[in-house]
Amino acid sequence: MGTPWRKRKGIGKCPAPWRTQVGTMSPAIALAFLPLVVTLLVRYRHYFRLLVGTVLLRSLRDCLSGLRIEERAFSYVLTHALPGDPGHILTTLDHWSSHYEYLSHMGPVKGQILMRLVEEKAPACVLELGTYCGYSTLLIAQALPPGGRLLTVERDPRTATVAEKLIRLAGFDEHTVELIVGSSEEVIPCLRTQYQLSRADLVLLIHRPRCYLRDLQLLEAHALLPAGATVLADHVLFPGAPRFLQYAKSCGRYRCRLHHTGLPDFPAIKDGIAQLTYAGPG
């Protein structure tokens, strides 16, 4: 009776050759996938660099310094830029972003598109949703016609504090540039009554692409867009605002144009600025 028991005890064991095969499978699979991994790394190397720079390294520097990237950039501006010279401040921010830490700002290429449109349209009042560090705010402010007014909205109080300092350092007072702290969804309904904004001749959307469509419809609902108003929306291709673009093209109230660009310091990553011209409520 002892022999059958020993045979049954061995039934659940893998033969030695099978155990050897299992042990050698993982390296073989890894080698098989290695060309694919290398191909992906080469093809999307710019996206990996962007991810490392804007997420991993930025988070590490935030923890080590106790400051956000906007605050570190402003400290650099204070020691390297000329107060009262918005052009020099913008150049200093570009240098910081290219040589130290990627700032995720609009950058000079997109900035030229924005400034050209402001100069061409000569808007009496501009609304910017998404102040961030104040880079695009300075671009607009220095291109405004005499007597022009810019209202810029930033939801994050800490970021808004940095932007406020940068705007005043550049020489723009509150009559020219007024910074409003709050979410765009809450601020837009109050613009007419609380901030005496009856119309926005030019609107820049540069906050969160997923909010573009909601905020555009809010501007329409509160009759803040006059016929002929220009709406500019950044980052419509990367990270992208497909619902916003689809609405603008299909609703029949806008003429649409797309300015193809790349990300500042990452020109291989394709992006674009959508330029909408409002035809009226229809």
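Rules behind the numbers
- Residues numbered from 1 in each chain as written.
- Predicted model: local features only at pLDDT ≥ 70, side-chain atom pairs only at ≥ 80, totals over all residues.
- Heavy atoms only, no water.
- Helix = DSSP H or I, 4+ residues; strand = E, 2+ residues; numbered from the N terminus.
- Buried < 20%, exposed > 50% of the residue type's maximum accessible area, 1.4 Å probe, protein only.
- Contact = heavy atoms within 4.5 Å.
- Areas by Shrake-Rupley, 256 points an atom, 1.4 Å probe, with all protein chains shown as cover.
- Pairing = 2+ DSSP bridges.
- Axes fitted to C-alpha atoms, helices over the stretch in contact; angles between N-to-C directions.
- Expected span 1.5 Å × (residues − 1).
- Phe/Tyr/Trp six-rings, centres within 6.5 Å; stacked < 30°, edge-to-face > 60°.
- Bend = angle between axes of the 7 residues up to and from the residue.
- Core = buried A, V, L, I, M, F, W, Y, C linked by side-chain atoms within 4.5 Å.
- Left-handed = near helix turned anticlockwise from the far one by under 90°.
- Nonpolar A, V, L, I, M, F, W, Y, C, P; charged D, E, K, R; others polar.

Asks: Let's hear about the overall build of the chain: which residues, and what values?
Replies: When its secondary structure is counted, the chain shows 13 helices and seven strands. Across the 282 residues of the chain, 45% fall into the buried class. Long-range contacts, defined here as pairs at least 24 residues apart, represent 71% of the contacts in the chain between residues at least 6 apart. Carbon and sulfur atoms form 60% of the exposed surface of the chain, whose accessible area is close to 15,100 Å².

Asks: How would you summarise the sheet that holds strand β1 (residues 125-129) if you had to cite specific residues and measurements?
Replies: Strands pair in a sheet through their backbones, by hydrogen bonds, and they do so in one of two ways: parallel or antiparallel. The strand order across the open sheet formed by seven strands is β3-β2-β1-β4-β5-β7-β6, and the pairing between neighbours is mixed. One side of each edge strand has no neighbouring strand; the edge strands of this open sheet are β3 (177-181) and β6 (254-263). Strand-to-strand twist in this sheet, taken as the mean axis angle between neighbours without regard to direction, amounts to 15 degrees. The pairing of strand β2 (residues 149-154) with β3 spans five bridges and is parallel. Directly across from T152, in β3, lies its bridge partner L179.

Asks: Quick rundown of helix α6 (residues 107-121)? Include the residues and the values.
Replies: Counted at 1.5 Å a residue, the expected span for α6 with its 15 residues is 21 Å, and the 21 Å between its end C-alpha atoms agrees. Those residues of α6 hidden inside the fold are in contact with α5 (86-99), α7 (135-143), β4 (202-205), β5 (230-233), β6 and β7 (266-278). Looking one or two places after α6, you find A122, whose phi comes out positive at around 45 degrees.

Asks: Can you break down the packing of aromatic side chains residue by residue, with the values?
Replies: In this structure the tally under the stated criterion is six aromatic pairs. Between the aromatic rings of Y102 and F266, the centroid separation amounts to 5.0 Å while the plane-to-plane angle is 85 degrees, which identifies the pairing as edge-to-face. With Y102 in the loop between α5 and α6 and F266 in strand β7, this pair connects stretches of sequence that are 164 residues apart. An identical accessibility class is assigned to Y102 and F266; each is buried. Ring centres 5.2 Å apart and planes at 40 degrees place the aromatic pair Y254 and Y278 in the tilted group. Of the two residues, Y254 sits in strand β6 while Y278 sits in strand β7, which places them 24 residues apart along the sequence. We classify Y254 as buried; its relative accessible area is 8%. By relative accessible area, which is 5% here, Y278 ends up buried. Taken together, the aromatic side chains of Y76, W96 and Y100 make up a single cluster linked through ring pairs.

Asks: Outline helix α3 (residues 45-65), listing residues and values.
Replies: Its 21 residues give α3 an end-to-end C-alpha distance of 28 Å, which sits within 8% of 30 Å, the value for a rise of 1.5 Å per residue. Taken as a whole, α3 carries its principal kink of about 35 degrees at R58. Among the residues trailing α3, G66 stands out with phi positive, at a value near 75 degrees.

Asks: Which residues make up the nonpolar core, and what are the values?
Replies: Counting 41 residues, the largest nonpolar core has I89, L93, L114, L138 and I140 as the members making the most contacts within it. Of all the elements in the fold, those that place two or more residues in this core are α4 (69-80), α5, α6, α7, α8 (157-169), β3 and β4. It is α7 that contributes the most residues to this core, six residues altogether. Apart from the residues lying within four places of it in its own chain, the contact partners of L114 are M106, S136, L139, I140, L204 and L232. Membership of the second largest hydrophobic core comes to 34 residues, among which are I180, L218, L224 and A233.

Asks: Can you lay out the packing of α6 against α7 for me, pointing to particular residues and giving the numbers?
Replies: How two helices sit against one another is set out by the angle between their axes and by the gap between those axes. Between α6 and α7, the shortest axis-to-axis distance is 9 Å and the interhelical angle comes to 35 degrees. Relative to α7, α6 is oriented so that their crossing is right-handed. For the pair α6 and α7, contact is made by G107, P108, G111, L114, M115, V118 and E119 and by Y135, S136, L139, I140, Q142 and A143, respectively. Residues of the contact of α6 with α7, tallied by class, amount to eight nonpolar, four polar and one charged.

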